[in-house]
Amino acid sequence: MLVLITYDVSTEDSKGKARLRKVAKQCVNYGQRVQNSVFECVLDPGQCKLLKASLLEIIDIEKDSLRFYYLGNQYKDKIEHYGVKETFEQEGVLIL
């Protein structure tokens, strides 16, 4: 299923900047960045639970926000993109 993850981490102090880097690093491990604080992740239910748990351990609930949008398996017809930063097919073939 496609999960859109958005976050806003307070960077008023050095701890916030560290949290921001950790959140972004976790999200990069599971998906692709489509905006500065927005990631598209194709996950199975187990991966989704692991990622959500790890992100909730990182953020400060009193200062930061984290959102998950569950777009399901039929997401390809629900996304339109215009402009720069072309994306790649996450479920397609990746040649290294």
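Before reading further, recall that the structure is shown in the block above.
For the structure given in this document, a descriptive report is provided here. Just so you know, the residues in each chain are numbered from 1, in the order the chain's sequence is written. In keeping with the predicted nature of the model, local features appear solely for residues at pLDDT of at least 70, side-chain atom pairs appear and are counted solely at 80 or more, and the whole-chain, interface and lining totals rest on all residues. Excluded from the side-chain calculation are hydrogens and water; included are all heavy atoms of the structure.

**A closer look at the sheet that holds strand 2 (residues 31–35)**
- The antiparallel open sheet is built from four strands, whose spatial order is 2-3-1-4. Each edge of the sheet is formed by a strand with only one pairing partner; in this case those strands are strand 2 and strand 4 (65–72). Ignoring which end each strand starts from, the neighbouring axes of this sheet average 25° apart.
- Bridge count between strand 1 (residues 2–8) and strand 3 (residues 38–42): five bridges; the pairing is antiparallel. Within the sheet, the bridge partner assigned to Leu2 lies in strand 3 and is Val42. In this analysis, strands are considered paired if DSSP registers two or more bridges between them. Each helix is a run of H or I in the DSSP string that is no shorter than four residues. Each strand is a run of E no shorter than two, and both are numbered from the N terminus. Each axis is a line fitted through C-alpha atoms, taken for helices only over the stretch in contact, and angles between the N-to-C directions span 0 to 180 degrees.

**Regarding the pattern of salt bridges**
- In what follows, salt bridge is the name for a side-chain nitrogen of Lys or Arg lying within 4 Å of a carboxyl oxygen of Asp or Glu. Tallying each qualifying case throughout the model produces two salt bridges.
- Across the pair Asp13 and Lys63 runs a salt bridge whose closest N-O atoms are separated by 3.8 Å. Taken together, the positions of Asp13 in the loop between strand 1 and helix 1 (14–30) and Lys63 in the loop between helix 2 (45–58) and strand 4 put the pair 50 residues apart, joining distant regions of the chain.
- Any residue under 20% of the maximum accessible area for its type is buried, any over 50% is exposed, and the rest in between are partly exposed; the area is computed with a 1.4 Å probe on protein chains only. Judged by relative accessible area, which is 47%, Lys63 ranks as partly exposed.
- Where Arg19 meets Asp64, a salt bridge forms, and the shortest distance between an N and an O atom there is 2.7 Å.

**Brief notes about the state of the cysteines**
- Any cysteine sulfur atom paired with another within 2.5 Å is treated as part of a disulfide. Summed over the entire model, instances satisfying the criterion amount to zero disulfides.
- With no disulfide of its own, Cys27 lies closest to Cys41 among cysteine sulfurs, the gap being 5.7 Å.
- By relative accessible area, Cys41 is classed as buried at 0%.

**What about helix 2?**
- Here the expected length of a helix is defined as 1.5 Å per residue gap, with one fewer gap than residues. Here helix 2 contains 14 residues, and its C-alpha end-to-end distance of 20 Å stays within 8% of the 20 Å for a straight helix at 1.5 Å per residue.
- Any two residues whose heavy atoms approach within 4.5 Å are treated as being in contact. As for helix 2, its buried residues are in contact with strand 1, helix 1, strand 3 and strand 4.
- The backbone nitrogen of Gly46 has a side-chain oxygen 3.0 Å away, supplied by the residue at the start of helix 2, namely Asp44. Identification of polar contacts relies on pairs of N or O atoms within 3.5 Å, with a donor-acceptor requirement for protein atoms, meaning one able to donate a hydrogen and the other able to accept it, and with residues adjacent in sequence counted only if both atoms are side-chain atoms.

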